[in-house]
Amino acid sequence: MTYHAEDPISILKEFNSSPKGLTKNQIEEHRAKYGSNTLSSKKKKPVYVLILEQFKEPMTIILLVAAIFGFVSTACGWGDDDSPVSIEGIVLIVILAINSIITVIQELKTTSALDALKKMTAPTCRVIRDGVEEKIPSTDLVVGDVIYLDDGCVVPADLRLFDCAALKVDESSLTGESVPVEKNSDIKLSAKALLADRINMAYSSTIVTNGKGFGIVTAVGRQTEVGKIAQLLDDTDQQEIPLKHKLNTVCKCLTLVGAIVCVIVIAISLIGDINSWTKAIFLGISLAVSVIPEGLPATSTIVMAVGVQKMAKHNALVKQLASVETLGSVNVICSDKTGTLTQNKMEIKHVYSGYTEVELAQYSSDKYRELMMAGVYCNNAYLEKNDELLGDPTEGSFLMLAKKYLKSWKSAREKNQKIEELPFDSIRKCMTTVHKIDGKMVAYTKGSIESIIGKCTTIMINGEVRKITDKDKKAILALVDELAVKALRTLGLAKNTKFTDYLQAENDMTWLGLVAMFDPPREEVKETIAKCHRAGIRVIMITGDHPSTARAVAEYVGICQPKEKVLDGSHLAKLKFNQLCNEVKTVNVFARVSPTDKINIVKALQHNGQVVSMTGDGVNDSPSLKMADVGVAMGITGTDVAKDAADMILLDDDFNTIEKAIEEGRRIYNNIQKVIAFLVSGNVAEILIILVAAIFTDVFNPTPLTAILILFVNLLTDTIPGIALGLDKASPNLMEYPPIGKKDFLNKKSIFQIIYYGVILAVIALGAFVLGKYAINFGSDEHLIAFTFATLSFTEMALIFCFKSSSISIFSRHLKYNPWIFYSAIISVVLTVLIIMVPGVNGIFSMKALSWVEWMYVLGFSLIPIIIAEITKTIKRFKKNRRKRLAAVAASIAEA
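Computed from a predicted structure; not experimentally measured. (Residues numbered from 1 in each chain as written. Predicted model: local features only at pLDDT ≥ 70, side-chain atom pairs only at ≥ 80, totals over all residues. Heavy atoms only, no water.)

**Quick word on the overall build of the protein**
In step 1: If you tally the helices and strands in the protein, you get 33 helices and 26 strands.
In step 2: Burial statistics for the protein: of 896 residues in total, 54% are counted as buried.
In step 3: Contacts in the protein between residues at least 24 apart in sequence constitute 71% of all its contacts with a sequence separation of at least 6.
In step 4: When the accessible surface of the protein is totalled, it reaches about 39500 Å², and 59% of it is carbon and sulfur. (Helix = DSSP H or I, 4+ residues; strand = E, 2+ residues; numbered from the N terminus. Buried < 20%, exposed > 50% of the residue type's maximum accessible area, 1.4 Å probe, protein only. Contact = heavy atoms within 4.5 Å. Areas by Shrake-Rupley, 256 points an atom, 1.4 Å probe, with all protein chains shown as cover.)

Shown next, in the form of structure tokens:
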């Protein structure tokens, strides 16, 4: 729609309307033709669909099949267990139920961004129908209606403006423009004009900060710019959480390996005895159970939940647990400018008397007082309690400066209130207020320098008035150009005491000076961006503001270097996706972008293999917040839509909190890597034990481990220490390294470590079985199984200490102390001893109690992993130190 390129009269004709509005008879006709002013959402998935979707995962399927077969085999009496119910089946069903419930609850907490959009739209509006003004719910508006706008109202639909007076609209949440936009209804723009440049339009959900005017409704509901964003939110799929993808990858690999080994085991068992098919299938079930690290989902969830609590203490509210882990992989932060990198408020940075800059310390001097008070008098804004601004942010900047440096400014303003006002308009480009001060009429004017300077005949510099010259005017205009290059907005100030009619007060004025203002960057941003760069994280600015303003802020905070390339929306519109993918590799500042542009930039970065965090606070940021791997919204200045679309909310709006969150994410990421390596090494050991027992049935008879014992190890004696390992503290230099890549989750080093320790555990457990059967000569199978199980359980508990670091000795003072590992080891020891030693309980698990001598054997076996790990770490440290020494020698030779 290009209504900004058409004149209001032709638009009224197109919709069969007039300045008096639609007739009552036309309302329903237009509603049927153009739609209603509401935002409808796409249908949500019912709960039963969400539940069924949980059974698509490989881990869920294999456990479900194992559980069903357990129930069937027990009911048919195929197994050796006399229990009337399948304990393995019950345990597996409970696991599946818990995992499904947790996942469904998380999915039911989906974003309600559309509801927030509905709240943002104006509840009521003033409409002209049949020539009569009336107040109606905004949802009753139709295309062709004529709307009246005034100061403070929320624009109820997209409008083509006409007959406006000093109208300004705050569009920051929609376009990213940092200051209210001055509207001009008389201008006709190019059809290609960008959204932020359409000064003859007003858009739904934006706020009128000054003036008044009329507008023709050109779009309602889903057809408005806000409606298009709502559609983008619906059409934008939430990115798959990297952790979920990685865990699924791990499970698929284990399932594939398990399936192959399972077929081999069953085949070997059937070849040995064709009539032992039930035993063969039970071996298969045991193997299926041993393949899956059942405790992994619970462990990772608890580790991330603890991380979420820690982050909440640092003012970061995480909505999705797995987003914490994703932060650890982030290597690109895409940030909005207005309200994120900057404070979303105007601040006066420089003051010039005439055209000479005044130092801050001199603002309170009497010779500059009139210059300062001119901005206070010619002003419609007010400061409430806690410096809350009511009115235009630009006018508010004068009040904040006066409060800081000018005594009794407030009482002077109250005493000398304005008598008359010439409001700002797009033709004069200035506003004037008239006051009676000490019995004399004084007019103060502020506005565009170009519009004021031509009407001045005198100039005041440092309190002295003289005739203004062409040289003065050239110097002032040159100063304005210099400040514009720095992306500073300038306003001129003048006064008049010679007028008789206030309508002529803008002639023969005295030039007082000018101010330069900007939306200041947040104080913490510059250092935080430097920290991000040191951590290998790239920061990109994506804003709807002007390229010059974006560049100036980006250079100041360290996002880009001088003369570095900046792309705006008009250039982005010409790029194909593959071209954009190339541009995002080097361009760090994107300006004048639309919500669709932001999504495309995020998509291009993700296409290049980047893990993207997007920060923002406006409605225009919400689709890209949802598209990003981690969406981060501002908690104080952020709109409800942005908060709902995000994965994380900064409660203090502090950009530094993002860096802290990334550090916590890296800690969790590293810990989950260690947890997976620990848990999966146990699974590898269990697979090898079952496989070897199936191949060498004469030696390993009975089967060393049953399915229920494997479940016990996986869910309790492994999971509890695994959770403790996940609570390890971060290393002090964690943010000095580049981000962890997507492919580095389980690299060759991790896989080797898993197999290495898995083989060690399996050899120790099988060795204990052989020792127990042929040397100690246990009197029963239950006794032998108990001995083997205790050995496996205790050796895995010992192994947890080895996984704290792959190179630092567990006895080193440099290894950070984690008391939770000791507590978890004690709990696991107690649980293992209880199910072996307590009469009745051990019977459920087909085991018998061990003597204290046999427990000494178990303790001896459990020390073997620690000894092997310490030898391995010593060799690693020796090789690493030798490489360092050789490098130092080579460097010395090179210098010589």
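**Some words on helix α29 (residues 748-776)**
In step 1: The end-to-end C-alpha distance of α29, which contains 29 residues, comes to 40 Å, matching closely the 42 Å that a straight helix rising 1.5 Å per residue would cover.
In step 2: After α29 finishes, the residue Asn 777 shows a positive phi value of roughly 60°. (Expected span 1.5 Å × (residues − 1).)

**Re the pattern of salt bridges**
As a working rule, side chains carrying opposite charge can pair if their charged atoms are close by.
In step 1: In the structure shown here, the tally under the stated rule is 25 salt bridges.
In step 2: Note that Lys 310 and Glu 664 form a salt bridge whose closest N and O atoms lie 3.7 Å from each other. Of this pair, Lys 310 sits in helix α11 (residues 296-313) while Glu 664 sits in helix α26 (residues 656-695), and the two are 354 residues apart along the sequence.
In step 3: By relative accessible area, which is 37% here, Lys 310 ends up partly exposed.
In step 4: The class of Glu 664 is buried, set by a relative accessible area of 10%.
In step 5: Between Lys 565 and Glu 583 there is a salt bridge whose closest N-O contact spans 3.1 Å. Residue Lys 565 is found in the loop between α20 (547-557) and β22 (566-568), and its partner Glu 583 is found in helix α22 (residues 577-583); the two are separated by 18 residues along the sequence.
In step 6: With relative accessibility at 44%, the residue Lys 565 sits in the partly exposed group. (Salt bridge = Lys/Arg side-chain N within 4 Å of Asp/Glu carboxyl O.)

**Quick word on the state of the cysteines**
In step 1: The tally for this structure, following the rule as stated, stands at zero disulfides.
In step 2: Here Cys 456 stays unpaired: no disulfide links it, and the sulfur of Cys 430, its closest cysteine neighbor, is 9.9 Å away.
In step 3: Using a relative accessible area of 3% as the deciding quantity, one classes Cys 456 as buried. (Disulfide = S-S within 2.5 Å.)

**Focus: a nonpolar patch on the surface**
In step 1: Where nonpolar side chains cluster on the molecular surface, the patch consists of Ile 695, Phe 696, Val 699, Val 770 and Tyr 774 and spans about 420 Å² of accessible area.
In step 2: Take Tyr 774: it is sitting in helix α29. (Patch = residues over 30% accessible without salt bridge, like charges linked within 9 Å, V, L, I, M, F, W, Y side chains within 5 Å.)

**Remarks on the sheet that holds strand β23 (residues 589-591)**
In step 1: Spatial ordering of the open sheet is given by β8-β26-β25-β24-β9-β21-β23-β22, a layout of eight strands whose pairing is mixed. Two strands in the sheet have a free side with no partner beyond their single neighbour: β8 (316-318) and β22. Mean inter-strand twist for the sheet, computed between neighbouring axes without regard to direction, equals 20°.
In step 2: Strands in contact with α26 are β8, β9 (332-335), β24 (612-616), β25 (630-634) and β26 (648-650); relative to β26, the strand with the most contacts, it is inclined by about 140°. (Pairing = 2+ DSSP bridges. Axes fitted to C-alpha atoms, helices over the stretch in contact; angles between N-to-C directions.)

**A word on the packing of aromatic side chains**
In step 1: Under the counting rule described, the total for this entry stands at 16 aromatic pairs.
In step 2: Between Tyr 3 and Phe 15, the aromatic rings sit 5.7 Å apart at their centres with planes inclined by 50°, giving tilted as the arrangement. Taken as a pair, Tyr 3 in the segment before α1 (8-14) and Phe 15 in the loop between α1 and α2 (27-34) lie far apart in primary sequence, twelve residues in all.
In step 3: Of the residues examined, Phe 15 reaches a relative accessible area of 3% and is grouped as buried.
In step 4: Between Tyr 377 and Tyr 444 the ring centres are 5.3 Å apart and the planes differ by 25°, which places this aromatic pair in the stacked class. In this pair, Tyr 377 sits in helix α14 (residues 366-377) while Tyr 444 sits in strand β16 (residues 440-447), placing the two residues 67 residues apart along the sequence.
In step 5: Note on Tyr 444: relative accessible area 3%, which makes it buried.
In step 6: Taken together, the ring pairs in this structure connect Phe 678, Phe 752, Tyr 756, Tyr 757 and Phe 803 into an aromatic cluster.
In step 7: Between the NZ or CZ atom of Lys 168 and the centre of the ring of Phe 424, over which it lies, the distance is 5.2 Å. (Phe/Tyr/Trp six-rings, centres within 6.5 Å; stacked < 30°, edge-to-face > 60°. Lys NZ or Arg CZ within 6 Å of the ring centre and 35° of its normal.)

**Focus on the pairing of strand β1 (residues 124-129)**
In step 1: In the sheet, β1 pairs with strand β2 (residues 132-137) via six bridges, with the strands oriented antiparallel. Residue pairing for β2: Arg 129 is matched across the bridge by Val 132.
In step 2: Counting the residues between successive antiparallel strands, the hairpin from β1 to β2 contains two residues, one of them, Asp 130, with a positive phi of roughly 55°.
In step 3: Note that β1 and strand β3 (residues 146-150) share three bridges and pair antiparallel. The residue of β3 that forms the bridge with Ile 128 is Val 146.

**Details of the packing of α26 against helix α30 (residues 781-802)**
In step 1: Between α26 and α30, the shortest axis-to-axis distance is 11 Å and the interhelical angle comes to 150°. In this view, α26 runs roughly antiparallel relative to α30, as classed from their interaxial angle. Our pair here, α26 against α30, has a crossing hand that is right-handed. Here α26 contributes Phe 678, Ser 681, Gly 682, Glu 686 and Ile 689 to the contact with α30, which in turn contributes Leu 792, Glu 796, Leu 799 and Ile 800.
In step 2: Along the lines of polarity and charge, the residues of the contact of α26 with α30 split into five nonpolar, two polar and two charged. (Parallel < 35°, antiparallel > 145°, perpendicular 65-115°, else oblique. Left-handed = near helix turned anticlockwise from the far one by under 90°. Nonpolar A, V, L, I, M, F, W, Y, C, P; charged D, E, K, R; others polar.)

**Regarding a positive patch on the surface**
In step 1: On the surface, Lys 749, Lys 876, Lys 879, Lys 880, Arg 882, Arg 883, Lys 884 and Arg 885 cluster together to form a positively charged patch.
In step 2: The leading source of residues in the positive patch is helix α33 (residues 852-895), at seven residues.
In step 3: Given the relative accessible area of 46%, Arg 885 is considered partly exposed. (Lys, Arg positive; Asp, Glu negative; His and termini not counted. Charge placed at Lys NZ, Arg CZ, Asp CG, Glu CD.)

**Considering the environment of Met 627**
In step 1: As for its placement among the helices and strands, Met 627 is situated in helix α24 (residues 622-627).
In step 2: Accessibility expressed as a relative area gives 7% for Met 627, which makes it buried.
In step 3: Spatially, the C-alpha atoms of Met 627 and Lys 598 are 9.5 Å apart, while their sequence positions differ by 29 residues.

**Structural notes on the nonpolar core**
In step 1: Formed by 101 residues in total, the largest nonpolar core has its most connected members in Ile 559, Met 648, Phe 789, Ile 836 and Met 847.
In step 2: Top element by residues in this core is α26. It accounts for 16 residues.
In step 3: Phe 789 has contacts with Leu 705, Leu 709, Phe 712, Val 713, Thr 832, Ile 835, Ile 836 and Met 847, leaving out every residue within four places of it along the chain.
In step 4: Formed by 34 residues, the second largest nonpolar core is a distinct cluster that contains Leu 159, Ile 216, Val 217 and Val 619. (Core = buried A, V, L, I, M, F, W, Y, C linked by side-chain atoms within 4.5 Å.)

**Some details on α2**
In step 1: What α2 keeps buried is the set Ile 27, His 30 and Arg 31. Within α2, the buried residues cover an arc of 100° as seen down the axis, which keeps them to one side. Exposed side chains of α2 directed beyond 90 degrees from the buried face belong to Glu 28, Glu 29, Ala 32 and Lys 33.
In step 2: In this structure, the buried residues of α2 make contact with β1.
In step 3: Phi turns positive, to about 95°, at Gly 35, one or two residues after α2. (Arc of directions from axis to C-beta.)

**Side note on unusual backbone geometry**
In step 1: The omega torsion of the bond from Asn 701 to Pro 702 falls at 10°, within 30 degrees of zero and hence cis.
In step 2: Within the secondary structure, Pro 702 is located in the loop between α26 and α27 (707-717).
In step 3: Notably, Arg 592 is not glycine yet its phi reads approximately 50°, a positive angle.
In step 4: Looking at the secondary structure, you find Arg 592 in the loop between β23 and α23 (595-607).

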